[in-house]
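One-letter residues, chain by chain:
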Amino acid sequence: DAGVIQSPRHEVTEMGQEVTLRCKPISGHNSLFWYRQTMMRGLELLIYFNNNVPIDDSGMPEDRFSAKMPNASFSTLKIQPSEPRDSAVYFCASSLQGEGSPLHFGNGTRLTVT
Amino acid sequence: SQKIEQNSEALNIQEGKTATLTCNYTNYSPAYLQWYRQDPGRGPVFLLLIRENEKEKRKERLKVTFDTTLKQSLFHITASQPADSATYLCARSPGNTPLVFGKGTRLSVIA
């Protein structure tokens, strides 16, 4: 089992540019989560999907953020336009749907916006 | 709203001692709490889950307790080793909704 795969591992971009983060969940998992981690705020949930359908995107900071899950094996998080305050580590996690199911995290994408 | 707090940002202990990390929550009791370990540059890794009707859960050198009166969970690592040095995160959920995480406690076990 390869685990949750995120790409790229690091992304450095200039303010105003579009950024796309990618995630491949564990095969068979039907829930997918995008979290953002900063020193100040810790891990914050941005959005989650069940069976490829977005359930709650109330954590998405602004309209500049969007996420898609076109199929069970792929999801993207897009920031357009990016701003310096978006700099953080973005994690994707997947799990089996159900109460108490543990999350399996990828190793994150470290985004730096200059 | 759900809140979860880990009181210490950092904890240093001597090898061989028991490390105890604290997680406090506010408002209603979560249906369960989960504990994760995070190493630098890596994503969190699940360690243990404890439900609100359970007082204690063990796994090898790890022990988690859940006190709904104090609104607190304690995470213990017995016979700690330098390899246990990491950040430990607790997370809560009222049920079938996503986890809300604390900011974590960075544990350093000194040889």
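Reading the values: the criteria
- Residues take numbers from 1 onward in each chain, read along the sequence in its written order.
- Lettering of chains starts at A and numbering of ligands starts at 1, both following the order in which they are written.
- Given that the model is predicted, a residue must reach a pLDDT of at least 70 before its local features are reported, and side-chain atom pairs must reach 80 or more before they are shown or counted; all residues, however, enter totals for whole chains, interfaces and linings.
- The side-chain figures draw on all heavy atoms in the structure; neither hydrogens nor water molecules are used.
- By the convention used here, strands pair only if DSSP detects at least 2 bridges between them.
- A helix here means a DSSP run of H or I that spans at least four residues, while a strand means a run of E at least two residues long, and both kinds are numbered starting from the N terminus.
- Orientation is described by lines fitted to C-alpha atoms, with helices fitted over the stretch in contact, and by angles between N-to-C directions that extend from 0 to 180 degrees.
- Residue contacts are counted whenever heavy atoms from the two residues lie within 4.5 Å of one another.
- Accessible-area loss on putting two parts together, using a 1.4 Å probe and summing over both, is the definition of buried area adopted here.
- Throughout, the ten residues Ala, Val, Leu, Ile, Met, Phe, Trp, Tyr, Cys and Pro are labelled nonpolar, Asp, Glu, Lys and Arg are labelled charged, and all others, Gly among them, are labelled polar.
- A simple rule labels every residue: compare its accessible area, found with a 1.4 Å probe on the protein chains alone, to the largest value its type can have, and call it buried under 20%, exposed over 50%, or partly exposed in between.
- In protein, a polar contact requires one atom able to donate a hydrogen and another able to accept it; more generally it is a pair of N or O atoms within 3.5 Å, and residues adjacent in sequence count only if both atoms are side-chain atoms.

S.K.: Just to check I follow, could you spell out the sheet that holds strand β8 (residues 74–79) of chain A for this structure?
M.R.: Strand pairs in the sheet, formed through backbone hydrogen bonds, run parallel or antiparallel to each other. Residue and element names in this part refer to chain A. Taken together, four strands build an open sheet; the order of strands is β1-β3-β8-β7 and the sheet is antiparallel. Pairing within the sheet leaves two strands with one partner each, and these edge strands are β1 (5–7) and β7 (65–71). Direction aside, neighbouring strands of the sheet carry axes that sit 15° apart on average. Across five bridges, β7 lies against β8 in antiparallel orientation. If you follow Ser66 over to β8, its bridge partner there is Lys78.

S.K.: Is there a simple way to think about the interface of chain A and chain B in this case?
M.R.: One widely used convention gives an interface's size as the accessible area the parts lose upon coming together. Facing the 20 residues of chain A at the interface are 19 residues of chain B. Interface area for chain A against chain B, summed over the two sides, is near 1,500 Å², with a carbon-plus-sulfur share of 53%. Of all residues in chain A, Leu43, Glu99 and Gly100 of chain A give up the largest surface area on contact with chain B, accounting jointly for 31% of the area buried on that side. Elements with a minimum of two residues in the side of chain A that touches chain B: β4 (31–38) and β5 (42–50) of chain A. Looking at the side of chain A that touches chain B element by element, the count peaks at four residues for β5 of chain A. For the side of chain A that touches chain B, the class distribution of residues is ten nonpolar, seven polar and three charged.

S.K.: Can you help me understand the side chain of Gln37 of chain A in this one?
M.R.: Following the sequence through the fold, Gln37 of chain A ends up in strand β4. Its relative accessible area of 17% is what places Gln37 of chain A among the buried residues. Only 3.0 Å separates the side chain of Gln37 of chain A from the side chain of Gln38 of chain B, close enough to count as a polar contact. With sequence-adjacent residues up to four places away left out, Gln37 of chain A is seen in contact with Gly42, Leu43, Ala88, Val89 and Phe91 of chain A together with Gln38 of chain B.

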